[in-house]
Amino acid sequence: MKILHIETGRHWLGGPAQVLYLMQGLKMRGHGVCLVCPKSSALGLRAADAGLEVQFTAFDSDVDPRLLWGATKAIRAFDPDIVHLHSRRGADTLGAVAARLCHRPTVLSRRVDYPLRDAPLVRWRYENLFDHIIAISEAIRRVVIAGGVAAENVTTVHSAVNIEQFHPDAERAAAARSELGVAPDAPLFAIVAHMIPRKGHDVLWNAVKRLSDEAPELRVAVFGKGDSEQRLRDRAAELGIDGHLVWCGFREDLPDVLPAIDCLVHPARMEGLGVAILQALACAKPVIACPVGGIPEAVSPPEDGWLVPVDDDAALADAMRSVIADPSAAALKGAAGRILMERSFSVDAMVEGNLAVYEKVLRRDPRTGVPVSAAGPA
């Protein structure tokens, strides 16, 4: 089987990492893979370094018509059996149109739990451009079905974490704490998230303020960047919690850093699943999060963490207080999380899940010998 992937994200974030895992897994199983991406793509550079075929395309935005031309050219050159779209906000539409022009079936991965807009163009797009939808969590699958897509055309395939890359490591933990300037015995939490309002950084700031007097050694490593960064820095200064925050920026060495923390905090207001949650659990670190989107599919209190109400900084502070008061019990939760990642969120499971969808879409009608998808959505 030959699969062409389209991913227009330029930065190395959780979604592009999933595409790389998938392409590598498919190649290991003997399938042909090719990636279409922008010239500035961090994923494209990593994929090329890994020996994967990459078609770099020049375009300025996800609605740039040059993407349609570049994708069409790549499809004709690579001649795939199926086109897998990993992008959104226009790129998925242009990629699907390119596939249709080349008479290739399409699969779309959906990573977000936003409701589908009730608009004629949205309905037309989902009914006519995508043969199948892969949701990265069961929560997203429910959202897509609620938006009008037939249930048989939506399959859940969980995002994966590379458990060989993300794992407990005492030596790396000690080195990371030293680099971050955090004492070996200080309570160290982390938030790994794009700095945008829905990720809930402001709720965490309020929780830290509640704990600041009783836990003066408390530290929170803040990983990420984004449009809200200056506002968040200003708010931390207003609350007087600057001394508790370690601003780390965007880091590509999370496998070396996450073993150093005691707990990941992820107070997002909306979340498809949360790759950072999977990474922390794979490092045997418990997670404090909110019961939104697909998060409850990975965080199952009391086994591997805590789920607290959205925007409830008091409840968040209580959960963090539990980690500080009993680090041994928190570590046991982290160990349980590691077992869950090995069992249900491995790269192998994710690759096999995607392959099953491809095979379903490409299954031929025994009466005509024509792919079922050629006549419309599977």
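Our subject is the structure that appears above.
Since the model is a prediction, treat every value here as computed from it, not as a measurement.

**Student:** How should I be thinking about the packing of aromatic side chains in this particular structure?
**Tutor:** How two aromatic rings sit relative to each other is set out by the distance from centre to centre and by the angle between their planes. If you walk through the whole model with that rule in mind, you get two aromatic pairs. Residues Y126 and F130 carry aromatic rings whose centres are separated by 5.3 Å and whose planes lie at 75° to one another, so their mutual orientation is edge-to-face. Positioned over the ring face of W247 is R233, at 4.2 Å from the centre of the ring. Its end group placed over the ring of W306, K333 keeps NZ or CZ at 5.0 Å from the ring centre.

**Student:** Can you help me understand helix α6 (residues 138-146) in this one?
**Tutor:** The α-helix winds at 3.6 residues per turn, so residues separated by three or four positions along the chain end up facing the same way. If you check which residues of α6 are buried, you get A139, I140, V143 and V144. Down the axis of α6, the smallest arc covering the buried residues is 135°, so these residues share one side. Away from the buried face of α6 by more than 90 degrees, exposed residues R142 and A146 are located. Looking one or two residues past α6, G148 carries a phi angle of roughly 110°, positive in sign.

**Student:** Explain the packing of helix α1 (residues 14-28) against helix α2 (residues 42-49) to me, please; I cannot follow it from the model alone.
**Tutor:** Two packed helices can be described by the angle between their axes and the distance between those axes. Between α1 and α2, whose axes approach to 10 Å, the crossing angle comes to 25°. In terms of orientation, α1 lies roughly parallel with respect to α2. With respect to the hand of their crossing, α1 and α2 are arranged in right-handed fashion. Across the interface between the two elements, P16, V19 and L20 from α1 touch L43, R46 and A47 from α2. Counted by class, the contact of α1 with α2 contains five nonpolar, no polar and one charged residues.

**Student:** Quick question: what am I supposed to make of the packing of helix α8 (residues 201-211) against helix α9 (residues 229-239) here?
**Tutor:** One can describe the packing of α8 onto α9 by two numbers: an axis separation of 10 Å at closest approach and a directional angle of 15°. On the basis of the axis angle, α8 is roughly parallel to α9. The two elements α8 and α9 cross, and the hand of that crossing is right-handed. The segment α8 lies against α9, with H201, D202, W205, N206 and K209 engaging L232, R235, A236 and L239. Split into classes, the residues belonging to the contact of α8 with α9 amount to four nonpolar, two polar and three charged.

**Student:** I would appreciate a short explanation of α2 in the present structure.
**Tutor:** All of the buried residues along α2 are A42, L43, G44 and A47. Packing partners of the buried residues in α2 comprise α1, β2 (32-38) and β3 (53-57). For α2, the side-chain oxygen to backbone nitrogen distance between the N-cap and L43 is 3.2 Å, and the N-cap itself is S41. G51 lies just past α2 and shows a positive phi near 85°.

What counts as what
- Residues numbered from 1 in each chain as written.
- Predicted model: local features only at pLDDT ≥ 70, side-chain atom pairs only at ≥ 80, totals over all residues.
- Heavy atoms only, no water.
- Phe/Tyr/Trp six-rings, centres within 6.5 Å; stacked < 30°, edge-to-face > 60°.
- Lys NZ or Arg CZ within 6 Å of the ring centre and 35° of its normal.
- Buried < 20%, exposed > 50% of the residue type's maximum accessible area, 1.4 Å probe, protein only.
- Helix = DSSP H or I, 4+ residues; strand = E, 2+ residues; numbered from the N terminus.
- Arc of directions from axis to C-beta.
- Axes fitted to C-alpha atoms, helices over the stretch in contact; angles between N-to-C directions.
- Parallel < 35°, antiparallel > 145°, perpendicular 65-115°, else oblique.
- Left-handed = near helix turned anticlockwise from the far one by under 90°.
- Contact = heavy atoms within 4.5 Å.
- Nonpolar A, V, L, I, M, F, W, Y, C, P; charged D, E, K, R; others polar.
- Polar contact = N/O pair within 3.5 Å; in protein donor to acceptor, adjacent residues only side chain to side chain.

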